[in-house]
Amino acid sequence: MGIVENKEVNAALAETIKPELLPTKERIMDRISYTAAFLGGCVSVGTFSMGASLIGVLNMTQAIVAMIIGCLVIAVALVLIGNCGHKYGIPYTIQLRSSFGVSGVKIPGMLRAIPAIVWFGFQSWVGAGAINSCMTTLFGFDNLPVVFALFTILQVALSIKGFHGIKWLENISCIFILATLAYMFYVVKTKYGTEISETISGIEGTWGMPFWAGTTAFLGIYSTMIINGSDYAREVKHDIGPFQTGTIYAIAILPATLFMGLIGLMVSGATGNSDPVVVFSTTLDNKFLTIVTLLFIAFAQVTTNVLNNIVPPVYVLMDTFKITYKKAAILVGVLSVCTCPWVLVTEDSAAGLALFTQIYSAFLGPIFAVMATDYYILRRRKLDLNVLYNTQGCFKGVNLAAVIAILIGAVVSLFFVTISWYVSLIPTALSYYLLMKYMKVAEPFRTGTIFE
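In this text, all values refer to a predicted model and were calculated from it rather than measured experimentally.

A. Representation of the environment of L383. Structurally, the position occupied by L383 is in the loop between α18 (349-378) and α19 (385-389). Judged by relative accessible area, which is 6%, L383 ranks as buried. Once the C-alpha coordinates of L383 and N6 are considered, the two residues, 377 residues apart in sequence, prove to be 6.3 Å apart.

B. Looking closely at helix α16 (residues 325-338). Taking 1.5 Å of rise per residue, 14 residues should cover 20 Å, and α16 covers 20 Å from first to last C-alpha, within 8% of that figure. All buried positions along α16 are accounted for by Y325, A328, A329, V332, G333 and S336. What you see down the axis of α16 is that its buried residues fit within an arc of 145°, all on one side. Seen from the buried face of α16, the exposed residues on the opposite side, beyond 90 degrees, are K326, K327 and C338.

C. Structural view of the packing of aromatic side chains. Following the criterion strictly, the structure yields 17 aromatic pairs and no others. Ring plane angle 85° and centroid distance 5.3 Å describe the contact between F38 and Y232, whose orientation is recorded as edge-to-face. Of this pair, F38 sits in helix α2 (residues 31-41) while Y232 sits in helix α12 (residues 229-233), and the two are 194 residues apart along the sequence. As far as the burial class goes, F38 and Y232 line up, both buried. A connected cluster of aromatic rings, assembled from ring pairs, spans W207, F211, W212, F368, W421 and Y422.

D. Focus on helix α15 (residues 287-321). Its 35 residues give α15 an end-to-end C-alpha distance of 48 Å, which sits within 8% of 51 Å, the value for a rise of 1.5 Å per residue. Along α15, the sharpest change in direction is near 50° and occurs at N305. Where burial is concerned, most of α15 is hidden: 28 out of the 35 residues are buried. Of the residues flanking the end of α15, it is K322, one or two places downstream, whose phi is positive at about 55°.

E. Local environment of the environment of I117. Relative to the elements of secondary structure, I117 occurs in helix α7 (residues 106-139). Apart from residues no more than four positions distant in its own chain, I117 is found in contact with P313, V332, L335, S336 and T339.

F. Inspection of the state of the cysteines at higher detail. Tallied over the full model, the rule gives 0 disulfides. Unpaired in this structure, C340 has its nearest cysteine sulfur neighbour in C338, at a distance of 7.5 Å. Take C340: its relative accessible area is 30%, and that puts it in the partly exposed class.

G. View of the side chain of T216. Assignment of secondary structure puts T216 in helix α11 (residues 209-227). Ignoring anything within four residues of it in the chain, the contact list for T216 reads T418, I419, S420, W421 and Y422.

H. Expanded view of the pattern of salt bridges. This structure, assessed with the given rule, holds 4 salt bridges. A salt bridge links R31 to D239; the nearest nitrogen and oxygen atoms lie 3.8 Å apart. Of this pair, R31 sits in helix α2 while D239 sits in the loop between α12 and α13 (242-271), and the two are 208 residues apart along the sequence. With relative accessibility at 35%, the residue R31 sits in the partly exposed group. Across the pair D319 and K322 runs a salt bridge, and its minimum N-O distance is 3.7 Å. Overall, D319 belongs to the buried group, its relative accessible area being 5%. Judged by relative accessible area, K322 falls into the exposed class, the value being 52%.

I. Region of interest: a nonpolar patch on the surface. A cluster of nonpolar side chains, L138, F139, F141, V146, L150 and I153, forms an exposed patch at the surface whose accessible area comes to about 610 Å². Residue assignment for the nonpolar patch shows that the elements contributing at least two residues are α7 and α8 (144-159). Per-element accounting of the nonpolar patch gives the leading share, 3 residues, to α8. Along the chain, F139 falls in helix α7.

J. Layout of the packing of α8 against α16. In contact at an axis separation of 9 Å, α8 and α16 are set at 155° when each is read in the N-to-C sense. It follows that α8 is roughly antiparallel to α16 by the angle criterion. The interaxial crossing formed by α8 with α16 has right-handed handedness. Touching F148, T152, V156 and S159 of α8 are Y325, A329, I330, G333, S336 and V337, all from α16.

K. A look at the environment of S98. Residue position: S98 is located in helix α6 (residues 97-100). For the pair formed by S98 and Y375, sequence separation is 277 residues and the distance between their alpha carbons is 8.4 Å. Here S98 is in contact with D374, R379, L388, F395, Y432 and F445, once residues within four sequence places are set aside. Separated by 3.4 Å, the side chain of S98 and the backbone oxygen of Q95 make a polar contact.

Criteria and cut-off values
Residues numbered from 1 in each chain as written. Predicted model: local features only at pLDDT ≥ 70, side-chain atom pairs only at ≥ 80, totals over all residues. Heavy atoms only, no water. Helix = DSSP H or I, 4+ residues; strand = E, 2+ residues; numbered from the N terminus. Buried < 20%, exposed > 50% of the residue type's maximum accessible area, 1.4 Å probe, protein only. Expected span 1.5 Å × (residues − 1). Arc of directions from axis to C-beta. Phe/Tyr/Trp six-rings, centres within 6.5 Å; stacked < 30°, edge-to-face > 60°. Bend = angle between axes of the 7 residues up to and from the residue. Contact = heavy atoms within 4.5 Å. Disulfide = S-S within 2.5 Å. Salt bridge = Lys/Arg side-chain N within 4 Å of Asp/Glu carboxyl O. Patch = residues over 30% accessible without salt bridge, like charges linked within 9 Å, V, L, I, M, F, W, Y side chains within 5 Å. Areas by Shrake-Rupley, 256 points an atom, 1.4 Å probe, with all protein chains shown as cover. Axes fitted to C-alpha atoms, helices over the stretch in contact; angles between N-to-C directions. Parallel < 35°, antiparallel > 145°, perpendicular 65-115°, else oblique. Left-handed = near helix turned anticlockwise from the far one by under 90°. Polar contact = N/O pair within 3.5 Å; in protein donor to acceptor, adjacent residues only side chain to side chain.

See the structure below:
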């Protein structure tokens, strides 16, 4: 076996790489900061919509269990993928080179970037709607397109500060987010208790395929975040091990998902409207509490977008188009507007967004399987960074073994689109292993593997 471990990049190679893509030297995230970052980063209005999509399908108990299972799968998957970034300090786009090739990373890179940009636009429009409602209530100012444009610019500006800015932002938001979520849950339960009992409590539900589809819906929201786990873990201090990291993910993701998913489920069941901005701007009797709640919704979009929907596609665009971090961040902002988020937030969007997450999960699950198989089984967690960063070395071009494997996994999963992420894993992993072992054109990518 020719497995090599090298945690340093030589100076000549380092000069050809954008600084943000080089291995992290300074680890700025401790346990508290990392927990706060993921808590804030997982407060997604998309979770409201996923909760709303369960109306008439699952009862309350089944919905809660589905969310818990989805969150625990996310935590384990983040640990598996993020280990590479934590150990070597490399981002997602560099990690992909060992399995997809220097040119081939564009395929999984764009499959990660596109959903993130769509969610960035969607959540920015929702956040802007909350701010606009506040402005209308306080000052009589009502201009959602202008507020949306300014809100998008603000988030891009914050993201340009990178993880130093994210750490500051998430640390101060953590307590406010938890307190406001608990309050919103209390208000919905108190205000709509009778309607909730009539529309939700009587649902028999099922523990069959629709239940597992529900776990996929919540898992799908974070399936983009899973495959670029290294982008986050590379900032975590060295003394925080895998078990502690997994615990942090579970502690951070679970409460945010449960609160928001259940609020979406109850609000939609009671009012028929899955848009929390409309519900909370029209039903609360106290103007001060209405303003606080709406500002929370807007603030939550900032914490989520900066961590999950701006920084990851920025790294992808930097590596793909060889542009600076700042230019890539601005491009992400422009592209998010081009997704027409005002269409995505219509009353009929909940089911469509659920389907959207299931479809892109059909491709992100296979990417996860290829990355995990390559790193843990073929390379036994040992990489040579000088080989990874050498764009003209053995990893140049496209590794067709990885591309074919994700296509096989995606095709299989599309036959079971409601549980696409799960069913894609074994066919993809097995295909990739066999293709790497026997496919002649994959020979250069066997360097450093058990097949060398």
